[in-house]
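# Structure assessment
Here is what each chain is made of, one letter per residue.
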Amino acid sequence: MSSDILAKGYEPQEVERRWYAYWEKEGLFAAEDVSDKKPYSIVIPPPNITGVLHMGHAHNNTLQDILCRFRRMQGYNVLWMPGTDHAGIATQNVVEAELAKEGKNRHSLGREEFVKRVWHWREEYGGLIIKQLKRLGASCDWERERFTMDDGLSAAVKTVFVKLYEEGLIYRGDYIINWCPRCQTALSDLEVEHEEHNGHLYYIRYPLENGKGAIVVATTRPETMLGDTAVAVNPNDERYRKLEGKIVILPIMNRPIPIIYDEYVETAFGTGALKITPAHDRNDFEIGLRHNLEAIKVIAEDGRMNDRAGRFQGEDRFECREHVVKALKKEGLIEKIERYQHSMGHCQRCRTTVEPYLSKQWFVKVKPLAEKAIAAVQTGSTRIIPETWTNTYFEWMNNIRDWCISRQIWWGHRIPAWTCETCGELIVATEPLQACPACKGTSLAQETDVLDTWFSSALWPFSTMGWPDEIQALKVFYPTSVLVTGFDILFFWVARMIMMGLHFMKEVPFRDVYIHALVRDAEGKKMSKSRGNVIDPLYVIDEFGTDAFRFTLAAFAAQGRDIKLSEERIEGYRHFINKLWNASRFSLVHLKDFQPDYFRKDAKHLSLADRWILSRLNGTTETVTRAIGEYKFNEAASALYQFVWHEFCDWYLEIIKSVLYRKNKVEAHGRTKTTKPGDYETTRFVLWSVLSEILRLLHPFIPFVTEEIWHKLPDTEGSIMKAEFPTTNPERHDAEAEASMELVMGITSGIRNIRGEMNVAPSLRADAVVHSPDKGVRGALNEHQDIIVNLANLKTLEVMAPGERPASCAASVVGESTIFVSLKDIMDFGAEQAHLAKEIAKIGKELEMVEKKLSNEDFLQKAPQEVVEGVRDKRQRLVEKKNKLEDQLSTVSQIAADV
RNA sequence: AGGCACGUAGCUCAGGGGGAGAGCGCUACCCUGACACGGUAGAAGUCGCGGGUUCAAAUCCCGCCGUGCCUACCA
C-alpha cells in the first residue's frame with residue numbers, strides 16, 4: 001500500500017473488521033503439517049457451545065493470541081488449535097429449558113429426537129462464541145476447528161474407553177456417588193461445590209431393644225434415618241463398652257438394628273454414636289462394607305422419598321426431614337436440637353443440593369494414571385507456571401479418588417458397552433457387536449449412560465490432532481508447547497489431560513502450563529450475573545476497540561494476581577492506542593516519498609538522538625522478548641508503553657522535529673540553524689526503522705491498529721503478521737549515547753523545572769547558562785545545545801566553566817552542572833529563595849541517611865567494597881550539590897537584601 | 001480444620017537485601033503545526049503490625065492481624 005496519511009482519529013470498528021477478514025482470506029492463521037520451521041502449538045481450552053464470551057475467555061484467549069502471533073513472527077510454524085466443548089449437562093439444561101417453554105420435555109420427545117434437537121441447537125447457536133473470539137482477534141487455525149462430539153473425537157473417546165476398560169482402569173460398580181436430583185444424574189466430586197450452610201444438629205434417641213434405656217445419635221439429616229441399618233460407636237469409647245452385641249429399635253420404622261464398633265467414629269463429636277445409612281452417606285457406605293450391613297435407599301432419583309420410606313413416601317427429602325423430626329418429637333425421641341453450621345454440596349450446574357447416593361456407575365481407577373502424572377511434573381517434563389500451583393497440583397493428585405465418569409443424561413458420548421439380555425454378559429467395544437461372545441445371543445442392550453464431558457476434554461490435545469489415527473499433525477505438534485488456562489480447571493481438565501496424554505501418547509500433552517489469574521470487577525469481586533457486576537467483553541470492544549482491551553488485559557496480567565478490571569482502566573489504554581496512532585500519523589507525514597533502500601547503504605551519520613533511540617529500542621526489544629518468553633505479559637506491555645510514549649514520543653519525536661520541519665521549509669519557532677547535509681534523510685531512515693520495529697513489537701498485543709499503520713508505512717509488503725519480530729542487535733547498544741542523552745535530558749528537564757517553579761510564561765523564550773566543571777560535559781552540551789534550546793524553549797544557551805554568576809536568574813543543580821535561567825524583569829527573589837531552600841532540604845535529608853551509613857564502622861568493614869564506594873561517591877555528589885545550592889541561595893539572598 | 005496467595009502513593013498495581021517506582025487520579029500552567037484521548041512541571045508513601053537474621057530489611061525468617069481463594073469423610 002502507499003504511504004497514505006492516516007485519518008485524524010483511529011476508528012477501531014471498521015479497521016478491525018477489515019483486517020480480520022483479510023487475515024482469514026490470506027490464510028495467515030494456518031499451520032503447516034509439513035514445514036522446515038520449528039513447531040509451536042497451543043490447543044485452545046474449548047469453550048462450551050452454550051457459552052457467550054466473558055472476561056475469562058477474553059483474557060485467556062488474548063494471552064494465547066499474544067503467544068501465537070509472537071512465535072509466528074519469530075518464524076515458528078504455529079498451530080493454535082481451536083474448537084468447542086459439547087458441555088453435556090449445561091447444554092442439555094439449555095435445550096430442556098427451551099422445550100419446557102413449548103410445554104414439552106425430553107421424555108415426551110424420546111432420546112433420539114432429543115439428541116437431534118440438541119444438534120440443531122448446536123448448529124444454530126453453538127458457533128456464537130467462535131464468532132466472538134474472532135472479534136477478539138484470535139488467530140486460531142479455524143480450518144482445523146474441532147468439536148468434542150464430532151466423529152473423530154468420538155472415535156478417540158471410544159478407543160480410550162475400551163482400552164482403559166481392557167486394562168482394568170475402567171470398571172463398573174455400586175458406590176456412593178454425588179447425585180443431582182434435579183439434573184437426575186451422577187456427578188464427579190469436582191462437579192460438586194461446597195458451601196457453608198446454617199443447619200441443625202439433631203440428637204435422636206434410639207431405644208434399646210431390651211427396653212433398658214437408649215443410645216443417642218447426632219445427625220444433620222434426620223430423614224436418612226429411615227434407611228439406617230446400624231449405630232456405630234468407637235471401640236475405645238468407655239461409655240459404650242457395655243453395649244456390645246446389643247440391638248436398638250430404629251424409631252418410626254421399628255426395625256431392629258445392631259450397635260457396631262468402628263474406629264472411624266469420633267468419640268468427641270456429638271454423642272460419640274453415629275447412625276449408619278450406607279445408601280446415603282459415603283462414610284456410612286464404607287463402614288457398611290466393613291460390617292456387612294444392608295444398604296437401604298430411602299430417597300428416589302428425583303429427591304423424593306421412595307417406597308422404603310414408609311409413610312413418608314412421595315415427600316421431598318427436605319419436607320420429609322421436618323415430618324420425621326415432628327414424628328420423633330411426638331414420640332419424645334428428640335433429645336435436643338442445636339444450631340450447626342456445616343458445608344453442603346451443590347450441583348455446579350443448577351445449585352441443587354447434591355445427594356450422596358448409592359448407585360451403579362462407571363469409574364476410572366485414577367491412582368495408576370495419577371502417579372505418572374505426578375512424576376511428569378516432578379521431573380519437569382511439564383512445567384507449571386507460576387510454580388506455586390505445583391503444590392496445589394501435587395496436593396490434589398496425591399489424594400485423588402476414583403473418577404465417576406457415567407452421567408444419566410442424553411447429550412454426550414454414549415458409553416460403548418452392551419449387556420447381553422440373554423446371559424447378562426457385559427460387552428465393551430468400540431463398535432456394536434452382532435452377537436454376544438459368551439452365549440451368541442443377539443439381544444444386546446446398549447448402556448444408556450453417557451460420559452462425563454471432561455472425559456472427552458481430557459483427550460483434547462491429541463484427539464483434535466487426529467488420534468487414534470497416525471496423523472502428520474500429531475507428529476509435528478504433539479506435545480504442544482504450552483497450555484494457557486485458569487486455575488479453576490486445573491483439576492477438571494489439566495490434570496486429566498496429563499494423565500490421558502501420558503497413558504495414550506506416552507508423552508506429556510504440553511511442555512508448559514501457564515496458569516493465569518481471574519478477571520474480577522473493580523472491587524475485586526468475582527464477576528457474576530447475579531451480582532450484576534459483569535463487564536461484557538463485546539461491549540468493551542465496541543466502546544474502546546479490541547486493541548485497547550487486549551493491551552489492558554496484558555498490562556494487568558501479573559503472575560499470581562487477579563485482574564481488577566474497570567472501564568476506566570481500559571479507557572486509559574485506549575489513550576495509548578491513540579498515542580501510537582498519532583505518533584504514526586506524524587511520522588508518516590514526514591516519511592512521504594521515503595525510499596529506505598537508498599539510505600540503508602548510507603545511514604551513517606547518526607545523530608545523538610538517533611543513536612539513543614536505537615539503543616533504547618534494542619533494550620526494549622530484549623525486555624519484551626524475554627518477558628513474553630517467561631509469560632510475563634505485564635512486563636512486556638509496560639516496557640512497550642514506556643518506550644513508545646516516554647522515549648519515542650516525548651523525546652525522540654520532539655527532538656527530530658527541528659530537522660524534519662526545516663527540510664520541509666517550515667522554520668521551527670522561526671529559527672534557522674544549520675545542520676549537516678544528509679541529516680534529514682538519516683533522520684527519516686531512523687524514524688522509519690524505529691516505527692517499523694515498534695509496530696512489530698506491539699503487533700502480538702494490539703494486532704489491528706499495528707496492521708493498519710503497517711500498510712501505510714513505506715517499504716512494507718503484505719501483512720505485519722508475516723514480518724519478522726525484531727531481534728536484539730549488540731551493535732545498536734550504545735552506552736555512550738544513552739549517557740549523553742541522559743545528560744541532555746537532565747539539563748532540559750532542569751531548565752523546564754526552573755521555568756515551572758518560577759512561573760516563566762511558556763511562550764517566553766528565555767536565556768540560559770550552564771556552568772559545568774567537566775570539559776567533556778561542556779563539549780557534549782555544546783554539541784547538542786540545539787536539542788536543549790528547542791525543548792526547553794530557550795533563546796540562547798551558553799555553556800561554560802564555572803565562573804561568575806549571571807545576573808537576575810534562578811538556579812538549579814543537575815549532576816555537576818549548575819543551570820541558570822535568566823529572568824530579568826520577572827525575577828522574583830522570594831520565589832527563588834523558596835525554590836532553592838526546598839531543593840536544599842531535599843538533599844539534606846538524603847545526605848543525612850548517607851552520613852549515618854558511613855559513620856557505621858560495621859558497614860565500612862563488612863559491606864562489599866563497591867557498595868561502600870558507591871555510598872561515598874553519593875555523599876560526595878550530594879555535598880557538592882548542596883554546596884552549590886547554598887551558594888546560590890546566599891547570593892540570591894544577598895541580591896534580595898540589596899534590592 | 002488444613003493449605004495457598006495477597007496487604008507498597010487517594011485508586012490499581014510493578015519491584016523483591018544496599019538510591020521507594022509506574023499507570024490512573026490530584027494541583028498549577030499551556031489549544032506550540034501528530035495527539036487536550038495532548039504537553040510541561042509539581043504534591044503525595046514509618047512498603048499491614050510485632051519480633052528475629054544481617055554491617056544493611058519494603059525485600060529473607062517467625063508470629064499476629066486483615067483480605068481473597070482452594071482443598072476436607074467429624075456425622
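This one's a predicted model, so the numbers in the text were calculated from it and none came from an experiment.

About the cut-offs
- Residues numbered from 1 in each chain as written.
- Chains lettered and ligands numbered in written order.
- Predicted model: local features only at pLDDT ≥ 70, side-chain atom pairs only at ≥ 80, totals over all residues.
- Heavy atoms only, no water.
- Buried < 20%, exposed > 50% of the residue type's maximum accessible area, 1.4 Å probe, protein only.
- Helix = DSSP H or I, 4+ residues; strand = E, 2+ residues; numbered from the N terminus.
- Pairing = 2+ DSSP bridges.
- Phe/Tyr/Trp six-rings, centres within 6.5 Å; stacked < 30°, edge-to-face > 60°.
- Axes fitted to C-alpha atoms, helices over the stretch in contact; angles between N-to-C directions.
- Parallel < 35°, antiparallel > 145°, perpendicular 65-115°, else oblique.
- Contact = heavy atoms within 4.5 Å.
- Nonpolar A, V, L, I, M, F, W, Y, C, P; charged D, E, K, R; others polar.
- Left-handed = near helix turned anticlockwise from the far one by under 90°.
- Near = heavy atom within 4 Å.
- Polar contact = N/O pair within 3.5 Å; in protein donor to acceptor, adjacent residues only side chain to side chain.
- Domains from an automatic or database assignment.
- Expected span 1.5 Å × (residues − 1).
- Core = buried A, V, L, I, M, F, W, Y, C linked by side-chain atoms within 4.5 Å.
- Disulfide = S-S within 2.5 Å.
- Salt bridge = Lys/Arg side-chain N within 4 Å of Asp/Glu carboxyl O.

For strand β11 (residues 255-261), a buried count of five out of seven residues is recorded, marking the element as mostly surrounded by other parts of the structure. As paired elements, strand β9 (residues 230-233) and β11 share three bridges and run parallel to each other. In the sheet register, Val233 faces β11, and the bridge partner there is Tyr261. Bridge count between strand β10 (residues 247-250) and β11: four bridges; the pairing is antiparallel. The residue of β11 that forms the bridge with Ile247 is Pro258. Between β10 and β11, which follow one another and run antiparallel, lie four residues, and Ile252 among them has a positive phi close to 65 degrees.

Bringing the packing of aromatic side chains into the picture now. Aromatic ring pairs: the centre-centre distance and the angle between the two ring planes describe each pair. One pass over the structure, following the stated rule, counts 42 aromatic pairs. Between Trp19 and Tyr22 the ring centres are 5.1 Å apart and the planes differ by 85 degrees, which places this aromatic pair in the edge-to-face class. Placement of the pair is Trp19 and Tyr22 together in helix α1 (residues 12-25), with a separation of three residues, close to one helical turn. There is no split in this pair, since Trp19 and Tyr22 are both buried.

For the pair helix α17 (residues 546-555) and helix α23 (residues 703-710), the least separation of the axes is 7 Å and the interaxial angle reads 125 degrees. The angle between the axes of α17 and α23 places the two elements in the oblique class. Facing Thr546, Asp547 and Arg550 of α17, the residues of α23 in contact are Pro703, Phe704 and Val705. The residue inventory of the contact of α17 with α23, partitioned by class, reads three nonpolar, one polar and two charged.

This brings us to the side chain of Ser615. Mapped onto the fold, Ser615 is located in helix α20 (residues 608-629). For Ser615, a relative accessible area of 1% corresponds to the buried category. Excluding anything up to four places from it in sequence, Ser615 contacts Arg732, His733, Asp734 and Glu738.

Looking now at the packing of α20 against helix α24 (residues 735-757). It is the contact of α20 with α24, at a shortest axis distance of 8 Å, that shows an interaxial angle of 115 degrees. Taken together, the axes of α20 and α24 are roughly perpendicular relative to one another. For the pair α20 and α24, the crossing hand works out as left-handed. Along the contact surface, α20 presents Leu608, Arg611, Trp612, Ser615 and Arg616, while α24 presents Glu736, Ala737, Glu738, Ser740, Met741, Val744 and Met745. Taken together, the residues that form the contact of α20 with α24 break down as six nonpolar, two polar and four charged.

Turning to the sheet that holds strand β22 (residues 480-486), a few remarks are in order. The strand order β15-β23-β22 describes an open sheet built from three strands, whose pairing is parallel. Edge positions in the open sheet fall to β15 (383-385) and β22, since each of these has one partner strand only. Taken over all neighbouring pairs, the strand axes of this sheet differ in orientation by 20 degrees on average, direction set aside. The pairing of β15 with strand β23 (residues 510-516) spans three bridges and is parallel. Bridge pairing in β23 links Ile384 to Val513. Its contacts with the sheet place helix α15 (residues 490-505) against β22 and β23, and it is angled at close to 165 degrees to β22.

Near RNA strand B, the surroundings consist of 55 residues, among which Tyr340, Arg561, Trp645, Tyr661 and Pro864 are the closest. Close to the protein, within 4 Å, the atoms of RNA strand B belong to sugar or phosphate groups at a rate of 67%. Contacts to RNA strand B include Tyr340, whose side-chain N or O atom sits 2.3 Å from a phosphate oxygen. Between RNA strand B and Trp645 there is a distance of 2.6 Å, counted from a phosphate oxygen to a side-chain nitrogen or oxygen. If you list the elements that add at least two residues to the surface near RNA strand B, you get β8 (214-219), α18 (567-590), α21 (633-663), α24, α28 (857-862) and α29 (865-898). Its residues placed into classes, the surface near RNA strand B shows 21 nonpolar, 13 polar and 21 charged.

How large an interface is tends to be reported as the accessible area lost when its parts come together. Along its sequence, chain A is organised into domain 1 (185-356), domain 2 (568-733) and domain 3 (766-898). Computed over C-alpha atoms only, the centres of domain 1 and domain 3 are separated by 83 Å.

Glancing now at helix α22 (residues 679-698). In this model, α22 (20 residues) spans 28 Å end to end at C-alpha, consistent with the 28 Å of a helix rising 1.5 Å per residue. Extensive coverage of α22 is indicated by the burial of 19 of its 20 residues.

What follows deals with the nonpolar core. Judged by nonpolar contacts, the single largest core of 220 residues is most densely connected at Met397, Phe455, Met500, Phe549, Phe648, Tyr652 and Phe701. Per-element tally for this core: the top contributor is α21, with 17 residues. Not counting the four nearest positions on each side in its chain, Phe701 is found in contact with Ile66, Arg550, Phe551, Ala554, Ile628, Phe633, Ala636, Ala637 and Leu640. Residues Tyr240, Ile296, Met305 and Phe312 belong to the second largest nonpolar core, which totals 32 residues.

This part is about the state of the cysteines. This structure, assessed with the given rule, holds zero disulfides. Note on Cys180: no disulfide assigned, nearest cysteine sulfur contributed by Cys350 at a separation of 3.5 Å. A residue is classified by how much of its surface remains accessible, and Cys180, at 0% relative accessible area, is buried. Left unpaired, Cys320 is separated from the closest cysteine sulfur, that of Cys180, by 19 Å. On the accessibility criterion, Cys320 (0% relative accessible area) is buried.

Now for the environment of Tyr76. Relative to the helices and strands, Tyr76 resides in the loop between α2 (55-73) and β2 (77-81). Taking C-alpha positions, Tyr76 is 63 Å from Glu223, a pair spaced 147 residues apart along the chain. In this structure, Tyr76 is in contact with Lys37, Lys38, Pro39, Tyr40 and Arg71, ignoring residues within four places of it in sequence.

Following the sequence through the fold, Thr422 ends up in the loop between β18 (417-420) and β19 (426-428). Assessed through its relative accessible area of 56%, Thr422 is described here as exposed. Placed 16 residues apart in sequence, Thr422 and Ala438 show a C-alpha to C-alpha distance of 9.8 Å. Residue contacts for Thr422: discarding those within four places in its chain leaves Cys439, Gly441 and Ser443.

Inspection of the entire model under this criterion finds 53 salt bridges. In this structure, Arg205 engages Glu335 in a salt bridge whose closest nitrogen and oxygen atoms are separated by 2.7 Å. Of this pair, Arg205 sits in strand β7 (residues 192-207) while Glu335 sits in strand β13 (residues 334-347); the two residues are 130 residues apart in sequence, bridging distant segments of the chain. Given a relative accessible area of 27%, Arg205 falls into the partly exposed group. In this structure Glu335 comes out as partly exposed when scored by relative accessible area, which is 43%. Connected via shared salt-bridge partners are Arg221, Glu223, Arg317, Arg321 and Glu355.

This part is about α23. Of all eight residues in α23, eight are buried, a share of seventy percent or more. Within α23, burial applies to Pro703, Phe704, Val705, Thr706, Glu707, Glu708, Ile709 and Trp710. The elements touched by buried residues of α23 are α1, α2, α6 (128-135), α17, α18 and α22.

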